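Each chain, written out:
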Amino acid sequence: MSETKVLVLNGPNLSRLDLREKSFYGDISYSDIEVICHQAASEHGFQVEIKQSNDESELINWLHQAADSKTPVIFNPAAFTHYSYAIRDAVAMLKAPCIEVHLSNPLSREEFRHTSVIAGVVQGSIAGFGLESYRLAFAALGKLVK
Ligand code: DQA
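Worth saying up front: this structure is predicted, and the values here are computed from it rather than measured.

Draft legend 1. Seen up close, the environment of V35. Note that V35 resides in helix α2 (residues 30–43). When the C-alpha atoms of V35 and L131 are compared, they prove to be 9.8 Å apart, with 96 residues separating the residues in sequence.

Here it is in structure tokens:
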């Protein structure tokens with residue numbers, strides 16, 4: 001049987017993690033996200049496609065494609081988490097599970113990060129474990145999908 005594909009989507013500024021606040025993100029770069037996602041996908045028997053965009057409309061188009069192909073999604077919407085109703089509406093149209101992930105714990109940060117407009121339309125959210133947040137999301141999908 002062919003492996004289920006998982007789409008990992010990353011929102012704005014995650015491509016420049018190595019230049020962001022080390023107190024929140026540690027000493028990691030975007031390529032570390034790619035590495036852990038490839039490892040975790042193969043541990044759980046998934047194929048994986050990993051994408052990043054700073055552009056809301058591009059993320060929405062990828063979510064539409066995932067909805068049409070019934071692809072499960074692991075999604076770090078980054079700052080769009082806190083205010084993009086357009087992304088929330090696109091996530092709500094997904095047909096397979098979507099797990100929201102964050103490297104940091106937004107609830108321990110500035111007040112504007114305490115709201116996730118995405119959280120209500122995903123299967124569940126994982127935050128605060130650094131790169132491990134992505135690995136935990138694959139473990140969750142391993143239980144939910146197949
Ligand atoms: C983030 C948390 C967001 O508040 C922030 O805007 C990001 C990254 C995280 O992974 O911790 O860009 O989604």
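From this point, things continue past the structure.
Draft legend 2. Main features of helix α4 (residues 85–92). By the burial criterion, the buried members of α4 are I87, A90 and V91. Angularly, the buried residues of α4 cover 100 degrees about the axis, an arc narrow enough to put them on a single face. Against the buried residues of α4 lie α3 (56–68), β3 (73–76) and β4 (98–102).

Draft legend 3. Region of the structure containing the packing of aromatic side chains. According to the stated counting rule, one finds two aromatic pairs in the structure shown. When the ring of F46 is compared with that of F138, the centres are 6.4 Å apart and the planes differ by 45 degrees; the resulting orientation is tilted. Of the two residues, F46 sits in the loop between α2 and β2 (47–52) while F138 sits in helix α5 (residues 132–144), which places them 92 residues apart along the sequence. Taken individually, F46 and F138 each receive the classification buried, so the pair is uniform in this respect. Directly above the aromatic system of F24 lies the positively charged group of R109, at a separation of 3.8 Å from the ring centroid.

Draft legend 4. Spatial organisation of the site of the ligand. In the vicinity of the ligand, the contacting residues are R20, Y25, N76, A78, A79, H82, H102, L103, S104 and R113. Measuring from an oxygen atom of the ligand, one finds a side-chain N or O atom of H82 at 2.7 Å. Coverage of the ligand by the protein chains reaches 99% of its 330 Å² of free accessible surface.

Draft legend 5. How the structure looks around the packing of α2 against α5. Running from N to C, α2 and α5 point in directions that differ by 25 degrees, and their axes come no closer than 9 Å. One way to sum up the angle between α2 and α5 is to call them roughly parallel. At the point where α2 passes α5, the crossing takes the right-handed sense. The residues of α5 that touch α2, namely those facing I33, I36, C37, Q39, A40, A41 and E43, are E132, Y134, R135 and F138. Residues belonging to the contact of α2 with α5 are distributed by class as follows: seven nonpolar, one polar and three charged.

Draft legend 6. Looking closely at the nonpolar core. Ranked by size, the top nonpolar core spans 26 residues in total, and within it V8, I33, C37, I74, L103, Y134 and F138 carry the most contacts. Of all the secondary-structure elements, those providing two or more residues to this core are β1 (5–10), α2, β4 and α5. Discounting residues that sit within four places of it in the chain, V8 has contacts with C37, V48, E49, I50, K51, I74, Y134 and F138. In terms of nonpolar packing, the next biggest core, distinct from the first, is built from 19 residues, L9, I60, A67 and I118 among them.

Draft legend 7. Spatial organisation of the pattern of salt bridges. Inspection of the entire model under this criterion finds eight salt bridges. R135 is the partner of E43 in a salt bridge, and the nearest nitrogen-oxygen pair spans 3.0 Å. Highlighted residues: E43 in helix α2 and R135 in helix α5, separated in sequence by 92 residues. We note a salt bridge from E110 to R109, for which the minimum N-O separation is 3.9 Å. Taking relative accessible area as the criterion, E110 reaches 35% and is therefore assigned partly exposed. On the basis of relative accessibility, which here comes to 9%, the residue R109 falls in the buried class.

Rules used throughout
- Residues numbered from 1 in each chain as written.
- Predicted model: local features only at pLDDT ≥ 70, side-chain atom pairs only at ≥ 80, totals over all residues.
- Heavy atoms only, no water.
- Helix = DSSP H or I, 4+ residues; strand = E, 2+ residues; numbered from the N terminus.
- Buried < 20%, exposed > 50% of the residue type's maximum accessible area, 1.4 Å probe, protein only.
- Arc of directions from axis to C-beta.
- Contact = heavy atoms within 4.5 Å.
- Phe/Tyr/Trp six-rings, centres within 6.5 Å; stacked < 30°, edge-to-face > 60°.
- Lys NZ or Arg CZ within 6 Å of the ring centre and 35° of its normal.
- Near = heavy atom within 4 Å.
- Polar contact = N/O pair within 3.5 Å; in protein donor to acceptor, adjacent residues only side chain to side chain.
- Areas by Shrake-Rupley, 256 points an atom, 1.4 Å probe, with all protein chains shown as cover.
- Axes fitted to C-alpha atoms, helices over the stretch in contact; angles between N-to-C directions.
- Parallel < 35°, antiparallel > 145°, perpendicular 65-115°, else oblique.
- Left-handed = near helix turned anticlockwise from the far one by under 90°.
- Nonpolar A, V, L, I, M, F, W, Y, C, P; charged D, E, K, R; others polar.
- Core = buried A, V, L, I, M, F, W, Y, C linked by side-chain atoms within 4.5 Å.
- Salt bridge = Lys/Arg side-chain N within 4 Å of Asp/Glu carboxyl O.

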